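Topology and contacts: notes
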Amino acid sequence: MPVGNDAAVELLPTPKQREKMYHKIREYRSTKPIFSMDFQNDAEYVGGCIAGGRNYLHINAKGDVEPCVFIHYSNCNIHETTLLDAYKSPLFMAYHDGQPFNKNMLRPCPMLENPEKLRAMVKSTGAVNTDYQSPESADHLCDKTVPYAENWKETADRLWNGCGGCTGCGTGE
């Protein structure tokens, strides 16, 4: 995840690498007696992004309640509010109201695959960056993920619409 001002976006998986993981995890499920989950490619099993208090949230060392360990924005602190009130805070309500962030469950993340969504939520709720060493604006973070989102979209749409990754048969299957 390209979090931080100096994050290396070239470390993000390519669409080909991500598709390989998509197929590999499904292979494991069919051959192993365990239901493995892939954080990036299994939103269909949880109805979208797990963050924002739906199934998960992150509280950093200073007590800032963040929607995700990768999304360092908050508008409440656990030392000053209850967890229930944190769930009702503007940022968490924006997550709640925006879910799912995409109908394609291979594009669930408001930062990585739908950066316009995170940018809008941070701005509309007045959430502040919680990286105290090197604060990063939502615009800076989201600008880094726009190319990734655009590059992943075609592969994600093909996989989500039922084409398992053929080598160009033209049928979409």
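Structure: see above.
Residues numbered from 1 in each chain as written. Predicted model: local features only at pLDDT ≥ 70, side-chain atom pairs only at ≥ 80, totals over all residues. Heavy atoms only, no water.

**Some details on the overall build of the protein**
- The number of helices and strands found in the protein is five helices and four strands.
- The C-alpha atoms of the protein give 17 Å as radius of gyration, which agrees with the globular expectation for 173 residues (16 Å, within 12%).
- Across its three principal axes, the protein shows a C-alpha extent of roughly 55 × 35 × 25 Å.
- Counting all 173 residues of the protein, 43% fall into the buried class.
- Of the roughly 9,400 Å² that the protein leaves accessible, carbon and sulfur atoms contribute 55%.
- Computing the positive centroid from 18 side-chain charges and the negative centroid from 22, the protein places the two 5 Å apart. (Helix = DSSP H or I, 4+ residues; strand = E, 2+ residues; numbered from the N terminus. Rg over C-alpha atoms; globule rule 2.2 N^0.38 Å. Buried < 20%, exposed > 50% of the residue type's maximum accessible area, 1.4 Å probe, protein only. Areas by Shrake-Rupley, 256 points an atom, 1.4 Å probe, with all protein chains shown as cover. Lys, Arg positive; Asp, Glu negative; His and termini not counted. Charge placed at Lys NZ, Arg CZ, Asp CG, Glu CD.)

**Focus: the packing of aromatic side chains**
- The tally for this structure, following the rule as stated, stands at four aromatic pairs.
- Look at F39 and F70: their rings are 6.0 Å apart centre to centre, the planes differ by 65 degrees, and that puts the pair in the edge-to-face class. A residue pair is termed long-range when its members are at least 10 positions apart, and F39 in the loop between α1 (15-31) and β1 (58-59) and F70 in the loop between β2 (65-66) and β3 (73-74) qualify at 31 residues.
- By relative accessible area, which is 52% here, F39 ends up exposed.
- Lying over the aromatic face of F35, R29 brings its terminal NZ or CZ to 4.3 Å of the ring centre.
- One residue, K62, lies across the ring of Y132, its end atom 4.3 Å from the ring centre. (Phe/Tyr/Trp six-rings, centres within 6.5 Å; stacked < 30°, edge-to-face > 60°. Lys NZ or Arg CZ within 6 Å of the ring centre and 35° of its normal.)

**Notes on the state of the cysteines**
- Tallied over the full model, the rule gives zero disulfides.
- Residue C76 stays outside any disulfide, its sulfur separated by 15 Å from that of C68, the closest cysteine.
- Given a relative accessible area of 13%, C76 falls into the buried group.
- Note on C109: no disulfide assigned, nearest cysteine sulfur contributed by C49 at a separation of 5.7 Å. (Disulfide = S-S within 2.5 Å.)

**Concerning empty space enclosed by the protein**
- This structure, assessed with the given rule, holds one cavity of 30 Å³ or more.
- Here the largest cavity defines a volume of roughly 40 Å³.
- What lines the largest cavity is V3, G4, H72, Y73, N129, D131, E136 and L141.
- In terms of residue class, the lining of the largest cavity is built from three nonpolar, three polar and two charged. (1 Å grid on protein atoms, 1.4 Å probe; cavity = no way out; pocket = protein on both sides within 12 Å on 5 of 7 lines; lining within 4 Å. Points joined across faces, edges and corners; volume = space filled by probe spheres on them. Nonpolar A, V, L, I, M, F, W, Y, C, P; charged D, E, K, R; others polar.)

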